[in-house]
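Now for the letters of each chain:
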Amino acid sequence: MPDDHVAGILDQLNERALALLRHIPRDLPDEFNRLEQRCKDLIYGCIKELERLSGPTMRKPAYREERLRALRRVVRDLDTLENVGIAALSRAKHDEDRVLNRLISDLRREIRYPLVAPTVSPFSRSYFHIYPELGVLNVPLMENRFLLHLPDLLHELAHPLLSTIKEPQIEPFRRALALVSARVDAHFRQELLRAQRTHLPGATRHYMELWRYCWLRSWVEELLCDLFATFTTGAAYGWAHLHLYAKTGADPYAVAKYGFHEHPADGARMSQILTALKLIGQSEKAERIQARWRELCLVSNLSPDQDYRLCYPTDLLEYAARQALAAMSEMGTRVAVDGDDGPIIGLLNRAWEQFWLDPKGFSAWEADQVSVMFSNGRTGT
Amino acid sequence: MSAFTFYQQARELAVLVDNALIELKDETRPDLRHSAELGQMLIRLSGDDWNDLYIRILALVLRQSPLPNGRWGELGNALVSGTTTTEAIPFLEGLARSLEREQADAAARFGR
């Protein structure tokens with residue numbers, strides 16, 4: 001790549017970084033201070049890196065590939081800052097955004113969440129999504145008007161518990177991740193050896209390699225986040241998963257065969273949630289959710305096959321559930337107690353009870369509850 | 001792990017690998033601290049340390065590497081002791097390119 005082209009790109013990137021700094025609004029509400037500082041620190045870091053890449057050492061021909069890779073890293077960093085961090089700050093004074101941030105802050109206290117709450121931003125392009133290292137949780141624009149999917153906030157809150165480094169309070173949950181991962185790794189290594197001995201088809205062995213990769217790269221964490229959400233919210237999380245699957249799901253027992261899947265199959269996630277509910281004494285509610293789940297799967301005549309059972313062994317799912325519960329107890333996080341939940345978790349569960357009592361009339365009830373919940377500047381009181 | 005976390009950790013590893021490459025390509029080799037740090041990680045690869053996010057990602061990225069894990073451990077030892085030869089550079093360049101691909105893939109997933 002010619003040096004004048006790189007020099008031009010570096011100059012443009014520097015202008016973009018400065019423009020982002022200028023775009024940060026002044027007098028932001030207090031709950032956005034941490035994000036503001038984080039964004040500024042990251043932009044300063046980008047500017048410093050651009051200086052390094054413009055310097056004589058990095059212009060040497062021997063380093064041109066390293067320089068190009070570093071340049072692309074700055075591009076990605078600035079893109080993320082612009083689309084996530086600065087986007088959240090640009091709406092910080094919007095009342096509806098402040099409401100969701102108060103909700104997260106109150107929820108954090110209610111469940112005794114051990115980390116600082118992320119900043120909520122309504123710029124999601126794909127449902128709920130957290131950026132742990134930026135401390136931003138993206139939700140859909142209209143989410144502050146509805147209750148039934150708010151239990152999914154708890155799933156997102158669990159991600160930073162597994163990616164934050166050097167925080168002793170969350171060590172039990174990180175340890176659970178390591179223990180479950182080791183068990184997964186051992187399981188698939190053993191299964192692969194068995195497949196070789198018994199001359200199973202090459203395709204099956206390829207699938208097992210892929211499943212092991214998916215489990216270790218993503219699924220262990222996703223399942224632990226489901227468990228955190230189930231243990232903190234109880235049945236409301238199970239209902240929310242059922243509802244989301246009903247609206248957006250496909251075959252809940254389909255297994256990955258051709259490439260990496262970010263999330264485990266919906267059937268495995270539901271199975272994990274039901275196991276978790278039984279572990280905290282909510283068996284009767286688990287059975288009600290399971291009955292609805294079966295009914296839903298029957299519509300398309302979907303059921304688990306042999307590949308599904310190989311990919312998601314029941315004992316692995318149960319092991320993960322026990323490890324997660326033990327870790328949460330050690331962290332001191334509040335576990336849902338049927339009938340004795342805090343104000344927000346209680347409301348999320350009542351919302352589901354109300355929905356099943358009167359699905360068609362639920363919206364009016366929900367609108368009243370949302371209005372009360374967000375009145376007087378506090379939630380859950 | 002979430003796509004964004006995977007991306008961030010792969011990014012930090014990529015910075016380390018590029019810094020190590022810059023050190024190793026500098027014939028005067030005045031400072032090899034990044035190479036040594038990378039070497040320590042490669043040695044730990046063989047220990048199945050699922051508690052360390054960087055080791056976890058390194059193991060996942062290297063799963064299709066032409067070098068078996070044991071050889072990465074040997075390379076790690078050479079990096080730590082400062083006895084690496086220029087023959088190591090193509091392997092580290094391969095690792096750097098793999099990390100670049102993983103970052104691009106993860107970034108597409110979290111929809112930046």
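Above this note sits the structure.
For the structure given in this document, a descriptive report is provided here. On a predicted model such as this, the values are computed, not experimentally measured, just so you know.

Brief notes about the overall build of chain B
Okay, so step 1: For chain B, the count of helices and strands is five helices and zero strands.
Okay, so step 2: Order of helices (α) and strands (β) in chain B, N terminus to C terminus: α-α-α-α-α.
Okay, so step 3: For 112 residues, the compact-globule estimate of 2.2 N^0.38 gives 13 Å, and chain B sits close to it at 14 Å.
Okay, so step 4: Put simply, chain B has 112 residues, and 55% of those count as buried.
Okay, so step 5: Taking the intrachain contacts of chain B between residues at least 6 apart in sequence as the baseline, contacts between residues at least 24 apart amount to 65%.
Okay, so step 6: Accessible surface computed for chain B: about 4700 Å², of which carbon and sulfur atoms make up 48%.
Okay, so step 7: Here chain B holds 12 positive side-chain charges and 16 negative ones, and the gap between their average locations is 6 Å.

Here we look at the interface of chain B and chain A
Okay, so step 1: At the junction of the two partners, chain B supplies 39 residues and chain A supplies 43 residues.
Okay, so step 2: Between chain B and chain A the total buried area reaches about 3700 Å² when both faces are included, carbon and sulfur atoms providing 48% of it.
Okay, so step 3: Scanning the region where chain B abuts chain A turns up nine salt bridges.
Okay, so step 4: Between D77(A) and R11(B) there is a salt bridge, with the nearest N and O atoms lying 2.5 Å from each other.
Okay, so step 5: Breaking the side of chain B that touches chain A down by element, the ones donating at least two residues are α1 (3-25), α3 (53-61) and α5 (89-109) of chain B.
Okay, so step 6: Here the side of chain B that touches chain A gets 15 residues from one element, more than from any other, and that element is α1(B).
Okay, so step 7: Residues belonging to the side of chain B that touches chain A are distributed by class as follows: 17 nonpolar, eight polar and 14 charged.

Regarding the nonpolar core
Okay, so step 1: Ranked by internal contacts, the top residues of the largest apolar core, which has 100 residues, are F173(A), W211(A), W215(A), F228(A) and Y312(A).
Okay, so step 2: It is helix α7 (residues 202-233) of chain A that provides the largest number of residues to this core, a total of 17 residues.
Okay, so step 3: When neighbours within four sequence positions are excluded, Y312(A) is seen to be in contact with W215(A), W219(A), V255(A), P264(A), A265(A), A268(A) and L317(A).
Okay, so step 4: If you look at the next biggest cluster of nonpolar residues, it comprises 66 residues, including L53(A), A92(A), V17(B) and Y54(B).

Section: unusual backbone geometry
All names here are of chain A.
Okay, so step 1: Unusually for a residue other than glycine, D27 sits at a positive phi of about 55°.
Okay, so step 2: Along the chain, D27 falls in the loop between α1 (3-23) and α2 (33-54).
Okay, so step 3: Accessibility expressed as a relative area gives 70% for D27, which makes it exposed.

Observations concerning the packing of α7(A) against helix α12 (residues 314-331) of chain A
Residues and elements named next belong to chain A.
Okay, so step 1: Where α7 contacts α12, the two axes come as close as 10 Å, and the packing angle between them is 55°. Between α7 and α12, the angle falls in the class oblique. Like other packed secondary-structure pairs, α7 and α12 cross with a definite hand, here right-handed. On α12, the residues touching W215, L223, L224, L227, F228, F231 and T232 of α7 are L316, L317, A320, A321, A324, L325 and M328.

A word on the packing of aromatic side chains
Residue and element names in this part refer to chain A.
Okay, so step 1: If you walk through the whole model with that rule in mind, you get 20 aromatic pairs over all chains.
Okay, so step 2: Measuring from centroid to centroid gives 6.2 Å for W239 and W352, while their planes differ by 25°, and the two rings are stacked. Of this pair, W239 sits in helix α8 (residues 235-248) while W352 sits in helix α13 (residues 343-357), and the two are 113 residues apart along the sequence. The same class applies to W239 and to W352, which are both buried.
Okay, so step 3: Measuring from ring centre to ring centre gives 5.1 Å for Y308 and Y312, while their planes differ by 45°; the resulting arrangement is tilted.
Okay, so step 4: Since its relative accessible area comes to 7%, Y308 is described here as buried.

Some remarks on the side chain of E23(B)
Residue and element names in this part refer to chain B.
Okay, so step 1: Considering the arrangement of structural elements, one finds E23 in helix α1.
Okay, so step 2: Buried and without a salt bridge, E23 has R33 as its closest oppositely charged side chain, separated by 5.1 Å.
Okay, so step 3: Aside from chain neighbours lying at most four places away, what touches E23 is R29, D31, L32, R33, H34 and S35.

Thoughts on the pattern of salt bridges
All names here are of chain A.
Okay, so step 1: Tallied over the full model, the rule gives 29 salt bridges over all chains.
Okay, so step 2: D185 is paired through a salt bridge with R212; the nearest N and O atoms lie 2.7 Å apart. Taken together, the residues span a long stretch of sequence, with D185 in helix α6 (residues 171-197) and R212 in helix α7 at a distance of 27 residues. For the pair D185 and R212, a shared accessibility class is recorded, and that class is buried.

A look at the side chain of E366(A)
Residues and elements named next belong to chain A.
Okay, so step 1: Take E366: it is sitting in helix α14 (residues 362-373).
Okay, so step 2: No salt bridge is formed by the buried E366. Its closest oppositely charged neighbour is K247, at 9.1 Å.
Okay, so step 3: Residue contacts for E366: discarding those within four places in its chain leaves R145, F146, L147 and L148.

Thresholds applied
- Residues numbered from 1 in each chain as written.
- Chains lettered and ligands numbered in written order.
- Predicted model: local features only at pLDDT ≥ 70, side-chain atom pairs only at ≥ 80, totals over all residues.
- Heavy atoms only, no water.
- Helix = DSSP H or I, 4+ residues; strand = E, 2+ residues; numbered from the N terminus.
- Rg over C-alpha atoms; globule rule 2.2 N^0.38 Å.
- Buried < 20%, exposed > 50% of the residue type's maximum accessible area, 1.4 Å probe, protein only.
- Contact = heavy atoms within 4.5 Å.
- Areas by Shrake-Rupley, 256 points an atom, 1.4 Å probe, with all protein chains shown as cover.
- Lys, Arg positive; Asp, Glu negative; His and termini not counted.
- Charge placed at Lys NZ, Arg CZ, Asp CG, Glu CD.
- Buried area = accessible area lost by both parts, 1.4 Å probe.
- Salt bridge = Lys/Arg side-chain N within 4 Å of Asp/Glu carboxyl O.
- Nonpolar A, V, L, I, M, F, W, Y, C, P; charged D, E, K, R; others polar.
- Core = buried A, V, L, I, M, F, W, Y, C linked by side-chain atoms within 4.5 Å.
- Axes fitted to C-alpha atoms, helices over the stretch in contact; angles between N-to-C directions.
- Parallel < 35°, antiparallel > 145°, perpendicular 65-115°, else oblique.
- Left-handed = near helix turned anticlockwise from the far one by under 90°.
- Phe/Tyr/Trp six-rings, centres within 6.5 Å; stacked < 30°, edge-to-face > 60°.

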